[in-house]
Amino acid sequence: MADTWNTALTELQALLDDGVFSTGGSKEAYLLTWANRVIRDTCLEVHVRQHLTDATITTATSTFEYPFATYVTDFLKISDRFTKVRVDDSYPEVVTLEELNERDPDHTESSTNEDPTVVAIEANSLFTYPAMGSATTFTLENYIREPVDMTATSSTPDMPWVYYVTDLIVAGVAGRYGFPWLNEFDQAKFWAGRYGELLEKYRFHLDQSNSTKRGQPEYY
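Residues numbered from 1 in each chain as written. Predicted model: local features only at pLDDT ≥ 70, side-chain atom pairs only at ≥ 80, totals over all residues. Heavy atoms only, no water.

A. Here's a closer look at the pairing of strand S7 (residues 118-122). Across the five residues that make up S7, a large majority, four, are buried. Both strand S5 (residues 93-94) and S7 contribute to a ladder of two bridges, which runs parallel. Considered in S7, the bridge of Val94 is made with Val119. In this sheet, strand S8 (residues 125-132) lies alongside S7 in antiparallel orientation, the contact comprising five bridges. Following the sheet pairing, Val119 is matched in S8 by Thr128. If you look at the hairpin formed by S7 and S8, you'll find two residues sitting between the two strands, and Ala123 has a positive phi there, around 55°. (Buried < 20%, exposed > 50% of the residue type's maximum accessible area, 1.4 Å probe, protein only. Helix = DSSP H or I, 4+ residues; strand = E, 2+ residues; numbered from the N terminus. Pairing = 2+ DSSP bridges.)

This is the structure in structure tokens:
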């Protein structure tokens with residue numbers, strides 16, 4: 001069973017041992033903010049396949065670019081292996097943005113056909129060739145979403161649970177934020193290093209339960 005934020009909070013307050021971070025202290029709220037940042041950064045560093053999800057992108061605007069900030073608000077990153085773009089029952093080929101731009105450098109070509117010829121995913125946006133000239137619905141399949149922030153002491157980290165996840169969060173907050181705030185840089189260096197060690201351990205653990213393509217190694 002996953003530890004709650006209260007467990008990590010109690011350990012952090014004891015480790016940092018400063019009144020500003022104690023219960024009711026002037027900087028106590030920062031600990032939760034920093035913990036959520038550490039979780040998000042951890043999910044950026046590792047492939048959390050439990051966070052694979054789909055989203056619908058629908059627009060009637062004649063354009064070739066659809067920013068995820070507008071259309072897929074919980075987007076974190078793509079999966080090189082699993083992320084695809086679907087229009088109805090077809091999967092247009094995903095190409096590089098350079099190749100898409102070469103097909104139509106000034107992006108003036110438009111089509112009322114709902115199926116684009118090719119698409120590209122770059123810079124947190126979906127690009128299509130040609131531009132869609134009528135209402136079109138895309139499904140972005142199997143992108144990796146952002147983890148849900150913890151909001152209360154009863155919250156649990158939105159990460160696949162392993163017993164040392166709490167240690168990872170505590171080390172990350174202490175090393176990257178807490179001890180630097182207190183100008184204790186030797187402690188900050190130690191705990192930042194400890195976070196790095198636990199991050200690699202967590203990456204290795206998740207990889208043990210992930211399937212891989214036969215004969216094709218996975219690079220990070």
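Next comes the rest of the account.
B. Region of the structure containing the packing of helix H1 (residues 5-16) against helix H5 (residues 165-181). Two numbers describe how H1 lies on H5: the axes approach to 10 Å, and their chain directions differ by 40°. Relative to H5, the element H1 lies oblique. The two elements H1 and H5 cross, and the hand of that crossing is right-handed. From H1, Thr7, Ala8, Glu11, Leu12, Leu15 and Leu16 reach across to H5, where they touch Thr166, Asp167, Val170, Val173, Ala174, Gly178 and Phe179. Here the contact of H1 with H5 is built from residues that sort into eight nonpolar, three polar and two charged. (Axes fitted to C-alpha atoms, helices over the stretch in contact; angles between N-to-C directions. Parallel < 35°, antiparallel > 145°, perpendicular 65-115°, else oblique. Left-handed = near helix turned anticlockwise from the far one by under 90°. Contact = heavy atoms within 4.5 Å. Nonpolar A, V, L, I, M, F, W, Y, C, P; charged D, E, K, R; others polar.)

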